Amino acid sequence: MDRILECVPNFSEGRDPRIIQQITDAIAAVDGVELLDVDPGAATNRTVVTFAGAPEAVIEGAVVAGRMAKELIDMSKHSGEHPRFGGMDVCPLVPISGVSMEETAEYARELGRRLGEEVGLSIYLYEHAASKPERRNLAVVRAGEYEGLADRLQDAQWAPDFGPASFQPRTGATAVGARNFLIAYNVNLNTTSSRRANAIAFDVREKGRIQREGDGLTGPVVKDAQGEPVWIPGKLKAVKGIGWFIEEYGICQVSMNLTDMEVTPLHLAFDETSRAAEARGLRVTGSELVGLVPLQAMLEAGRYFLRGLAAGASYGYRVDGDARAFSFTMPPDGPAFPFTLGLTADIGQTNVSRANAAVLRRTMGTAQPYAGVVLLAGDLSYADGYLPRWD
């Protein structure tokens, strides 16, 4: 079996494509590394990069990326919605095949050492690679973010595991860890109020919210016998979450990290967020994935949301502003996964797309259609003639 690690570094730059390109080009140039995904966000001013390969190649790629980030990203000028404390903010390793979690943790420690000694970054180890139990949780390691890092470094208990122990204004600090698959998932809300989005995030995330007397927002904090705040847990285990406003979308989101998809899968996170939003007079309008997601998570979500559609049954619907009725029929044995996806764009605009449409009409009604689901992408208002929309 091939030994494969995945690396998912997050960089505190999501607005300058030239900087992002230079970092990802450097990663891709490392022999034995395959660059899988690059997902920038302007409002968060953050880019999530995913690459994979043999452990030694992946470590080299991460070191190269850290060196480029140090050169190109100035944290003293950074702002964005996402919590962060460094230019190369986090750099987790994930075992894919042929590598145990214990081995992955050792690789993460080696990566942290090289980033500290060779690149000069202040490194904190977290999750399975953590040097102390209190450093296992990323949120605890990153508490105070970049703005609080200088003061935190005055405390000897929070000296970095590798690299400079003094505050580095340009680079901040980097968290290096070993963890399982994590699904970064954002759910859109029909509000611009980050306060209301945060309230929903507190409803669903495992940590929940601080308990208060009387008014849940401004009332006195309830404390336990040791003087620590009492927390009311949220509905979803193995879920971290916050609410934020995304300017480029003009809406708020509940941003979640699903740290164990066996405990809380993607579809249940969506459903529970929808229920929490409805209870507060809001509505979920969509969702987005950040980075990659395991295929199994998507297949499970498909099965879950198709569970209410009966095998062999026909369902009718109408398109807004059109008097005609449309319909679709479920397969006689119910939905089958996986399925083949067909894609054709700009139906009717060119001879090629008109030919594609003709093929669709001929093949989709046959006993062996070339695709189980066809996605028609593009603005159909430019079509030469009437074509059923999404049928």
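Residues numbered from 1 in each chain as written. Predicted model: local features only at pLDDT ≥ 70, side-chain atom pairs only at ≥ 80, totals over all residues. Heavy atoms only, no water.

1. Describing the overall build of the protein
Stated formally: Working definition: helices are DSSP H or I runs of at least four residues, strands are E runs of at least two. Numbering for both runs from the N terminus. When checking whether two residues touch, look at their non-hydrogen atoms; a contact exists if any pair is within 4.5 Å. Working definition of accessibility: Shrake-Rupley area with a 1.4 Å probe, residue cover restricted to the visible protein chains.
When helices and strands are tallied, the protein shows nine helices and 17 strands. By sequence separation, contacts in the protein at least 24 residues apart represent 69% of the contacts at least 6 residues apart. Total accessible area computed for the protein in this model is approximately 20000 Å², and 52% of it derives from carbon and sulfur atoms.

2. Observations concerning the pattern of salt bridges
As a reminder, the rule being used: Within this document, salt bridges are pairs made up of a side-chain nitrogen of Lys or Arg and a carboxyl oxygen of Asp or Glu, the two lying within 4 Å of each other.
In the structure shown here, the tally under the stated rule is 17 salt bridges. Its salt-bridge partner being Asp74, residue Arg170 comes within 3.7 Å of it at the nearest N-O pair. Here Arg170 is found in the loop between helix 5 (149–152) and strand 7 (173–178), whereas its partner Asp74 is found in the loop between helix 2 (55–72) and strand 5 (88–97), with 96 residues between them in sequence. The salt bridge partner of Glu272 is Lys235, with a shortest N-O separation of 3.8 Å.

3. Topic: the environment of Cys7
Note that Cys7 resides in strand 1 (residues 4–7). Leave out the neighbours within four places in its chain, and Cys7 touches Val49, Thr50, Phe51, Val58, Ala62, Cys91, Pro92 and Leu93.

4. So, the packing of helix 7 (residues 266–279) against helix 8 (residues 295–305)
Defined as follows: What counts as an axis is a line fitted to C-alpha atoms, over the stretch in contact for a helix, and the angles between N-to-C directions run from 0 to 180 degrees. In what follows, roughly perpendicular refers to angles from 65 to 115 degrees, roughly parallel to angles under 35, roughly antiparallel to angles over 145, and oblique to any angle outside these ranges. Note on residue categories: nonpolar means Ala, Val, Leu, Ile, Met, Phe, Trp, Tyr, Cys or Pro, charged means Asp, Glu, Lys or Arg, and polar means any other residue, Gly included.
Running from N to C, helix 7 and helix 8 cross one another at 50°; their axes reach a closest spacing of 8 Å. Overall, the two elements helix 7 and helix 8 adopt an arrangement that is oblique. Only Met298, Glu300, Ala301, Tyr304 and Phe305 of helix 8 make contact with helix 7, whose side of the interface consists of Leu266, His267, Leu268, Phe270 and Asp271. Classifying every residue of the contact of helix 7 with helix 8 by side-chain character gives seven nonpolar, one polar and two charged.

5. Here's the deal with the pairing of strand 3 (residues 33–41)
Keep this limit in mind: In this scheme, strands are said to pair when DSSP sees at least two bridges between them.
Where strand 3 lies against strand 4 (residues 46–53), eight bridges are found, and the strand directions are antiparallel. Bridge pairing in strand 4 places Asp39 opposite Val48. Between strand 3 and strand 4, which pair antiparallel one after the other, the connecting turn spans four residues, and Asn45 there sits at a positive phi close to 50°.

6. Notes on the pairing of strand 7
Applied cut-off: Three labels apply to residues, based on accessible area from a 1.4 Å probe with only protein chains included: buried if under 20% of the type maximum, exposed if over 50%, partly exposed otherwise in between.
Counting buried residues along strand 7, six of its six residues qualify, which places the element largely inside the surrounding structure. With burial as the criterion, each face of strand 7 is covered, one bearing Ala173, Ala175 and Gly177 and the other bearing Thr174, Val176 and Ala178. Strand direction decides the pairing type here: strand 5 and strand 7, joined by four bridges, are parallel. Bridge assignment links Pro92 to a residue of strand 7, and that residue is Gly177. Bridge count between strand 6 (residues 122–127) and strand 7: six bridges; the pairing is parallel.

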